[in-house]
Amino acid sequence: QKEVEQNSGPLSVPEGAIASLNCTYSDRGSQSFFWYRQYSGKSPELIMSIYSNGDKEDGRFTAQLNKASQYVSLLIRDSQPSDSATYLCAVSPPGDSWGKLQFGAGTQVVVTP
Amino acid sequence: DTGVSQDPRHKITKRGQNVTFRCDPISEHNRLYWYRQTLGQGPEFLTYFQNEAQLEKSRLLSDRFSAERPKGSFSTLEIQRTEQGDSAMYLCAFSGPSTDTQYFGPGTRLTVL
């Protein structure tokens, strides 16, 4: 079992709709969770981080964390064609939140006009 | 601008050759990380430094790979006797002294023929 799992997609979303991305992780003691966006051929760019159970909103993005279920999600509201990218979920394993991140394989999102 | 530059941005080499990549934070970021990303996968952790000390190395970092961070500023990643399986994007990331959030540089794309 991979430490961090995501649906690979592609997730096709009409422009203006909500895109919902899911991520599960295996290390129960993980404390830090991140979402990155990666355009084709480019490096990952941070969207947001989340540390506590519940929702965290930043503009059109909302991250949701449920540590009991070992589940973190990302909602993209009012999806735009520029949101078409691969979204990477990353988790700090327990014991060293300053160290490595474990990444999922990413979910490809395609926003259709 | 993430504050990290990587050089070169692209490298094509023949199997068996040695290659060296460089990562330069614009300011002296406390922790510096190296990851490798192959097509369709998320970044895989290779190693990380806190200042000049190399604190963790992945099992992925075989004897052919070595990384340094002299004086705690820029870092180099060397691959000796390259193999076709080394073809990937090599990503450098950093985090500041009081955060575990990692920001990525633009990456170096390596192609081994």
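Preceding block: the structure.
Everything numeric in this text was worked out from a predicted model, so none of it was measured. (Residues numbered from 1 in each chain as written. Chains lettered and ligands numbered in written order. Predicted model: local features only at pLDDT ≥ 70, side-chain atom pairs only at ≥ 80, totals over all residues. Heavy atoms only, no water.)

Draft legend 1. Highlighting the state of the cysteines. In this structure the tally under the stated criterion is two disulfides over all chains. Each sulfur in the disulfide pair Cys23 of chain A and Cys89 of chain A lies 2.0 Å from the other. Residues Cys23 of chain A and Cys89 of chain A are joined by a disulfide whose S-S torsion is about -70°; by sign, that bridge is left-handed. Of the two residues, Cys23 of chain A is situated in strand 3 (residues 19-25) and Cys89 of chain A in strand 9 (residues 85-92); the sequence distance between them amounts to 66 residues. According to the relative accessible area criterion, Cys89 of chain A is buried, its value standing at 1%. Disulfide partner of Cys23 of chain B: Cys92 of chain B, at an S-S distance of 1.8 Å. Between Cys23 of chain B and Cys92 of chain B, the S-S dihedral sits near -60°, and the bridge is therefore left-handed. Here Cys23 of chain B is found in strand 3 (residues 19-25), whereas its partner Cys92 of chain B is found in strand 9 (residues 88-95), with 69 residues between them in sequence. (Disulfide = S-S within 2.5 Å. Helix = DSSP H or I, 4+ residues; strand = E, 2+ residues; numbered from the N terminus. Buried < 20%, exposed > 50% of the residue type's maximum accessible area, 1.4 Å probe, protein only.)

Draft legend 2. View of the sheet that holds strand 3 of chain B. Residue and element names in this part refer to chain B. Reading across the sheet, the four strands line up as 1-3-8-7 and stay open at both edges, with antiparallel pairing between neighbours. In this open sheet, the two strands that pair with only one neighbour each are strand 1 (4-7) and strand 7 (65-68). Strand-to-strand twist in this sheet, taken as the mean axis angle between neighbours without regard to direction, amounts to 15°. Strand direction decides the pairing type here: strand 1 and strand 3, joined by four bridges, are antiparallel. Looking at the pairing, Gln6 lines up with Cys23 of strand 3. (Pairing = 2+ DSSP bridges. Axes fitted to C-alpha atoms, helices over the stretch in contact; angles between N-to-C directions.)

Draft legend 3. Broad picture of the interface of chain A and chain B. Taken together, the contact between chain A and chain B spans 21 residues of the former and 23 residues of the latter. Roughly 1700 Å² is buried in total at the junction of chain A and chain B, and carbon and sulfur atoms are behind 52% of that figure. Remark: the boundary between chain A and chain B carries one salt bridge. Glu56 of chain B is the salt-bridge partner of Lys100 of chain A, the closest N and O atoms lying 3.4 Å from each other. At the boundary of chain A and chain B, one finds eight residue pairs in polar contact (both at pLDDT 80 or more). Breaking the side of chain A that touches chain B down by element, the ones donating at least two residues are strand 4 (32-38) and strand 5 (45-50) of chain A. Tallied by class, the residues present in the side of chain A that touches chain B amount to 10 nonpolar, eight polar and three charged. (Contact = heavy atoms within 4.5 Å. Buried area = accessible area lost by both parts, 1.4 Å probe. Salt bridge = Lys/Arg side-chain N within 4 Å of Asp/Glu carboxyl O. Polar contact = N/O pair within 3.5 Å; in protein donor to acceptor, adjacent residues only side chain to side chain. Nonpolar A, V, L, I, M, F, W, Y, C, P; charged D, E, K, R; others polar.)

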